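Coordinates in review
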Amino acid sequence: MMKFGFVADGVFKLLVAVALCAFLPAVESFLIAPRWLAIAAAVLLFLSAATEISYGVRQGEKSYVKYLAIFDALWVVSTIVAIIFALAESPAAGYVWLGYTGLGSLGSAIVCTTGANGPDFADDEPSTGTSAASD
């Protein structure tokens with residue numbers, strides 16, 4: 001069941017990243033954000049979503065659900081703050097929401113790919129022992 005949660009959350013983030021790209025001019029205008037920031041946030045969100053889906057399919061350990069919950073809760077808070085700033089016509093809106101989206105996504109991807117969660121490259125390395133032909 002945990003695996004489904006990781007995959008579902010990743011799919012949602014993937015859809016948000018695609019929507020960011022599809023509605024880029026509107027997002028830039030509403031959030032008064034520079035294009036580079038919107039594109040960077042969309043790319044990082046997309047990569048994080050793909051990483052989260054991959055992690056969910058491979059492992060999806062219950063102990064890592066807290067990281068998803070923290071990211072999502074802070075994403076809601078940053079969205080509310082950004083909307084308030086956008087309605088006040090402050091350029092901080094884009095930096096708050098897109099900045100958190102990008103950096104939070106990067107952090108989320110790092111959690112899903114490092115340490116015990118990361119791929120075990122030791123299994124893929126060829127053996128370094130001597131062969132019978134060299135003896």
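What you see is a predicted model, and the numbers here were worked out from it, not measured in a lab.

Quick word on the packing of aromatic side chains
The geometry of an aromatic ring pair comes down to the distance between the two centres and the angle between the two planes. Under the definition given, this model contains 5 aromatic pairs. Relative to Y55, the ring of F6 has its centre 5.0 Å away and its plane inclined at 80 degrees; by these criteria the two rings are edge-to-face. Separated by 49 residues along the polypeptide, F6 in helix α1 (residues 2-22) and Y55 in helix α3 (residues 35-58) bring together distant segments of the chain. The burial state of F6 is the same as that of Y55; both residues are buried. Aromatic side chains F71 and Y100 sit 5.5 Å apart centroid to centroid with 25 degrees between the ring planes, which places their arrangement in the stacked category. A residue pair is termed long-range when its members are at least 10 positions apart, and F71 in helix α4 (residues 65-87) and Y100 in helix α5 (residues 92-113) qualify at 29 residues.

Thoughts on a nonpolar patch on the surface
Judged by side-chain polarity, V18, I39, V43, F46 and L47 come together as a nonpolar surface patch covering roughly 430 Å² of accessible area. It is α3 that contributes the most residues to the nonpolar patch, 4 residues altogether. If you trace the backbone, I39 turns up in helix α3.

Section: the confidence of the model for the protein chain
Confidence in the prediction of the protein chain, expressed as mean pLDDT, is 84, and 82% of residues score 70 or more. At the low end of the mean pLDDT range in the protein chain sits α1, at 89; at the high end sits helix α2 (residues 24-31), at 94.

Re the pattern of salt bridges
Counted by the stated rule, this structure contains 4 salt bridges. D9 is paired through a salt bridge with K13; the nearest N and O atoms lie 3.0 Å apart. With D9 and K13 both in helix α1, this residue pair falls 4 residues apart, about one helical turn. The pair D9 / K13 is uniform in exposure class, with both members buried. Residue E28 is joined to R35 by a salt bridge in which the shortest nitrogen-to-oxygen separation is 2.7 Å. Through salt bridges with shared partners, a single network forms among D9, K13, E52 and D72.

Regarding the side chain of S78
If you trace the backbone, S78 turns up in helix α4. Judged by its relative accessible area of 7%, S78 is buried. At 3.0 Å, the side chain of S78 forms a polar contact with the backbone oxygen of W75.

Scoring rules and cut-offs
Residues numbered from 1 in each chain as written. Predicted model: local features only at pLDDT ≥ 70, side-chain atom pairs only at ≥ 80, totals over all residues. Heavy atoms only, no water. Phe/Tyr/Trp six-rings, centres within 6.5 Å; stacked < 30°, edge-to-face > 60°. Helix = DSSP H or I, 4+ residues; strand = E, 2+ residues; numbered from the N terminus. Buried < 20%, exposed > 50% of the residue type's maximum accessible area, 1.4 Å probe, protein only. Patch = residues over 30% accessible without salt bridge, like charges linked within 9 Å, V, L, I, M, F, W, Y side chains within 5 Å. Areas by Shrake-Rupley, 256 points an atom, 1.4 Å probe, with all protein chains shown as cover. Salt bridge = Lys/Arg side-chain N within 4 Å of Asp/Glu carboxyl O. pLDDT = per-residue confidence, 0-100. Polar contact = N/O pair within 3.5 Å; in protein donor to acceptor, adjacent residues only side chain to side chain.

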